[in-house]
Every structure is written in C-alpha cells, then in structure tokens.
Amino acid sequence: MATFHFDLVSPEKLAFSGEVDQVDVPGWEGDFGVLAGHAPFVAAVRPGILTIIAGGQKQKVIVLGGLAEVSDDRLTVLADVATSLDELDRAQFADKIAEMQEKLSEHEGSELDLAIARLDHYKSIQQELNTTAMH
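Predicted, not measured: the structure shown is a model, and the values here were computed from it.

### Digging into the environment of threonine 76
Okay, step 1: Tracing the chain through its elements places threonine 76 in strand β7 (residues 74-79).
Okay, step 2: Each C-alpha atom of the pair threonine 76 and isoleucine 125 lies 22 Å from the other, and the pair is 49 residues apart in sequence.
Okay, step 3: Among all residues touching threonine 76, those that are not within four sequence positions of it are Asp7, Leu67, Ala68 and Glu69.

Right, dumping it as structure tokens:
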C-alpha cells in the first residue's frame, strides 16, 4: 500500500509525524478518510476520534476541533487539542462534559446551537470510549 506523510500538530506539541497508510478524520461535514494520492482540499475538523493507520497498526487520537489540509503527498491536521487515548484523563473529560452542560443556560440563539453541537460531539467521544474496546 502506498504511504504518505502525516503531521498532527496542536498548540502544545507535534502529536504525530510520519509515513502512514491511511488517516480517518472527524470532519464537520462528515468523517473522511485520506489515502496516498488523495485530491487536495481543506476541511474543518470537529471534536472526535482521529484514526491513524500505519504498517497495519491503528492509533486513535482525540481531537477537539481544528483544520485539515490535504495536499498531493501529505496531510496536515492543525488540532485545537490532540490527546492520545493513553494520555486521556477520562474523569477530567467527564467533568468537562458536566461543566459544558451546566453552562448551556448562559447561551442563547446561535451561540446556544454551537454550544449544544460541541457538547454532543464531546458526548459522542465519551460514548465511544465507554462502549468499545477502541480497536
């Protein structure tokens, strides 16, 4: 299988850099997979689980928004936050969801819609973490 270069960057660190077979990205317009030779495009990344496949091994990383840029021979994801499942503090993540729920009443109109959408994405991540073996 042909490979391509992938960089996952967050403000804190370079979370991943290397040759990969495939990357599945949670996009705002829908999840998308990138393989070598993919057509160039730019897409917004929603909070979700990004899957990196390299050498037959899968690595899952939680991303909390950002931007993905696909070019002829590489993919770069600039993530607001990128946390590997090994580094995730699940209790802290649950606390964040509870805090987001409590603060919904502080929003109205389109701000409320965005806050609800973000909360839904966080809950989806939490549900996937709690109900699957993540393989």
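Back to the write-up after that little detour.
### What about the environment of arginine 90?
Okay, step 1: Relative to the elements of secondary structure, arginine 90 occurs in helix α1 (residues 90-102).
Okay, step 2: Taking C-alpha positions, arginine 90 is 26 Å from glycine 33, a pair spaced 57 residues apart along the chain.
Okay, step 3: If we ignore the near neighbours within four places in the chain, the residues touching arginine 90 are Leu129 and Asn130.

### A word on the packing of aromatic side chains
Okay, step 1: Following the criterion strictly, the structure yields three aromatic pairs and no others.
Okay, step 2: A centroid spacing of 5.6 Å and a plane angle of 35° characterise the contact between phenylalanine 6 and phenylalanine 16, whose relative ring orientation is tilted. Of this pair, phenylalanine 6 sits in strand β1 (residues 4-9) while phenylalanine 16 is found in strand β2 (residues 14-20), placing the two residues 10 residues apart along the sequence.
Okay, step 3: A relative accessible area of 17% places phenylalanine 16 in the buried class.
Okay, step 4: Taking 5.5 Å as the distance between ring centres and 5° as the angle between the ring planes, the aromatic pair formed by phenylalanine 93 and tyrosine 122 counts as stacked. Here phenylalanine 93 is found in helix α1, whereas its partner tyrosine 122 is found in helix α2 (residues 109-131), with 29 residues between them in sequence. With respect to class, phenylalanine 93 is no different from tyrosine 122; both count as buried.

### Points about the layout of surface pockets
Okay, step 1: Considered as a void within the structure, the largest pocket measures approximately 190 Å³ in volume.
Okay, step 2: Around the largest pocket, the lining residues are Ile62, Leu64, Val81, Thr83, Glu87, Leu88, Asp89, Gln92, Phe93, Lys96 and Tyr122.
Okay, step 3: Residue assignment for the lining of the largest pocket shows that the elements contributing at least two residues are β6 (57-71) and α1.
Okay, step 4: Examining the composition of the lining of the largest pocket, we find that three residues originate from one element, α1, more than from any other.
Okay, step 5: For the lining of the largest pocket, a count of residues per class yields six nonpolar, two polar and three charged.

Conventions used here
Residues numbered from 1 in each chain as written. Predicted model: local features only at pLDDT ≥ 70, side-chain atom pairs only at ≥ 80, totals over all residues. Heavy atoms only, no water. Helix = DSSP H or I, 4+ residues; strand = E, 2+ residues; numbered from the N terminus. Contact = heavy atoms within 4.5 Å. Phe/Tyr/Trp six-rings, centres within 6.5 Å; stacked < 30°, edge-to-face > 60°. Buried < 20%, exposed > 50% of the residue type's maximum accessible area, 1.4 Å probe, protein only. 1 Å grid on protein atoms, 1.4 Å probe; cavity = no way out; pocket = protein on both sides within 12 Å on 5 of 7 lines; lining within 4 Å. Points joined across faces, edges and corners; volume = space filled by probe spheres on them. Nonpolar A, V, L, I, M, F, W, Y, C, P; charged D, E, K, R; others polar.

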